[in-house]
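Now for the letters of each chain:
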Amino acid sequence: MNTVTTPSAPVPAGDYVHGYSPREGQRLGDQADILAQLLHAGTAYPAGSRVLELGCGIGAQTVHLLRSSPRAHIVAVDRSEDSLAQARTRVAEFAPGARVEWHRADAYDLPFADGEFDHVFVCFVLEHLTDPRLALAGLRRVLRPGGTITVIEGDHGSAFFHPDSAHARAAIGCQVRLQAAAGGNALLGRQVQPLLADAGYGDVVVRPLTVYADRTLPAMVDGFTRNTFIAMVASVRDKAVAAALTSTAEWDQGIADLHRTADDDGTFHYTFFKGVAVNPPTARSAPSRHS
């Protein structure tokens, strides 16, 4: 069952630092596929359970949720109508009979009843929000007491590589600064535990998920170093130059140096953080932004 519900009032799109180009859509798909085993290990939901995926984007993570939990009822939310259309197409190709509902909605103003969901899944979303703690509190409102939330975020401060390069680190720093200017935080991974705790969740457990690539792991070199991380940084080139954060020559040198880490003598390391927590059974529902 593939359905879509659109609220009567338009939802502001906001600014996604990487943009909405076809190349970015391809990058998101590559990222989800190469990291699926790492990120989704241990995440599976029972048959019949209602699972809210916040910020589903183009459905890159949705298909992996369906793979691990084929009989769960997935409710996918995003603020971009174009992204939702792409997500519906992606899921229809992967699992035509999948039980998915699609909703266009804002992370701070979810159109669901208190305690409507058994589980919540949030992947690479909080880093783009101006107030991630408020969003988590709103998710707690729609999560039933005793239900679980899973949050996965990266942290650009965990990127280190060989050969090292000041130009490469500066290019990454440009993306961190641009994301901050857009209201997000590319260093959010290190904050997952305190954010969940401050939003009222209990039994918070956070684990680092490390990606490492060298020539003995060619799939990871191609799928993560080149097609995920370098492609992500490269996508903000025009914004970085326009904001005078770098010159064209400095930027090009930084990206070239990042590509050196994918050569036969290069290595690359990055860490994601996966947090799982429980909505306390005795907790009152968290207020929405408009309460």
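Residues numbered from 1 in each chain as written. Predicted model: local features only at pLDDT ≥ 70, side-chain atom pairs only at ≥ 80, totals over all residues. Heavy atoms only, no water.

Enquirer: Break down the confidence of the model for the protein for me, citing the residues and quoting the values.
Expert: For the protein, per-residue confidence averages 89 on the pLDDT scale, and 87% of positions sit at 70 or higher. Every residue in residues 1–14 scores below 50 in pLDDT, and together they form 31 contacts with partners more than four places removed in sequence or on other chains. Low confidence marks residues 285–291, where pLDDT is under 50. Its contacts with residues over four positions away, or in another chain, come to 9 contacts. (pLDDT = per-residue confidence, 0-100. Contact = heavy atoms within 4.5 Å.)

Enquirer: So what's going on with the nonpolar core? Residues and values would help.
Expert: Ranked by size, the top nonpolar core spans 46 residues in total, and within it Phe229, Leu258 and Phe272 carry the most contacts. Among the elements that make up this core, the one with the highest residue count is helix α5 (residues 166–181) (6 residues). Aside from chain neighbours lying at most four places away, what touches phenylalanine 229 is His156, Ala159, Ile172, Phe224, Phe268 and Tyr270. (Core = buried A, V, L, I, M, F, W, Y, C linked by side-chain atoms within 4.5 Å. Buried < 20%, exposed > 50% of the residue type's maximum accessible area, 1.4 Å probe, protein only. Helix = DSSP H or I, 4+ residues; strand = E, 2+ residues; numbered from the N terminus.)

Enquirer: Any details on the pattern of salt bridges? Residues and values, ideally.
Expert: Where charged atoms from two side chains of opposite charge come close, those side chains can pair. Overall, the coordinates contain 11 salt bridges when judged by the stated rule. Note that arginine 50 and glutamate 116 form a salt bridge whose closest N and O atoms lie 2.9 Å from each other. One end of the pair, arginine 50, is in strand β2 (residues 50–54); the other, glutamate 116, is in the loop between β4 (100–104) and β5 (117–123), and 66 residues separate them in sequence. For glutamate 116, a relative accessible area of 27% corresponds to the partly exposed category. Each of Arg50, Glu101 and Glu116 takes part in one network of salt bridges that share partners. (Salt bridge = Lys/Arg side-chain N within 4 Å of Asp/Glu carboxyl O.)

Enquirer: I'd like to hear about the packing of α5 against helix α7 (residues 218–234), residue by residue, with values.
Expert: Interaxial distance between α5 and α7 falls to 9 Å at its minimum, and their mutual angle equals 70°. Overall, the two elements α5 and α7 adopt an arrangement that is roughly perpendicular. Here α5 and α7 pass one another in a crossing that is left-handed. Residue-level contacts link Ala171, Ile172 and Gln175 of α5 to Phe229, Met232 and Val233 of α7. A breakdown of the residues in the contact of α5 with α7 according to their chemical character gives 5 nonpolar, 1 polar and no charged. (Axes fitted to C-alpha atoms, helices over the stretch in contact; angles between N-to-C directions. Parallel < 35°, antiparallel > 145°, perpendicular 65-115°, else oblique. Left-handed = near helix turned anticlockwise from the far one by under 90°. Nonpolar A, V, L, I, M, F, W, Y, C, P; charged D, E, K, R; others polar.)

Enquirer: Explain the packing of aromatic side chains to me, using residue names and the numbers behind them.
Expert: By the definition in use, this model includes 9 aromatic pairs. On the basis of an interplanar angle of 50° and a centroid distance of 5.0 Å, the ring pair of phenylalanine 229 and phenylalanine 268 is categorised as tilted. Within this pair, whereas phenylalanine 229 is found in helix α7, its partner phenylalanine 268 is found in strand β9 (residues 267–278), the two being separated by 39 residues in sequence. Look at phenylalanine 229 and you get buried, because its relative accessible area is 1%. (Phe/Tyr/Trp six-rings, centres within 6.5 Å; stacked < 30°, edge-to-face > 60°.)

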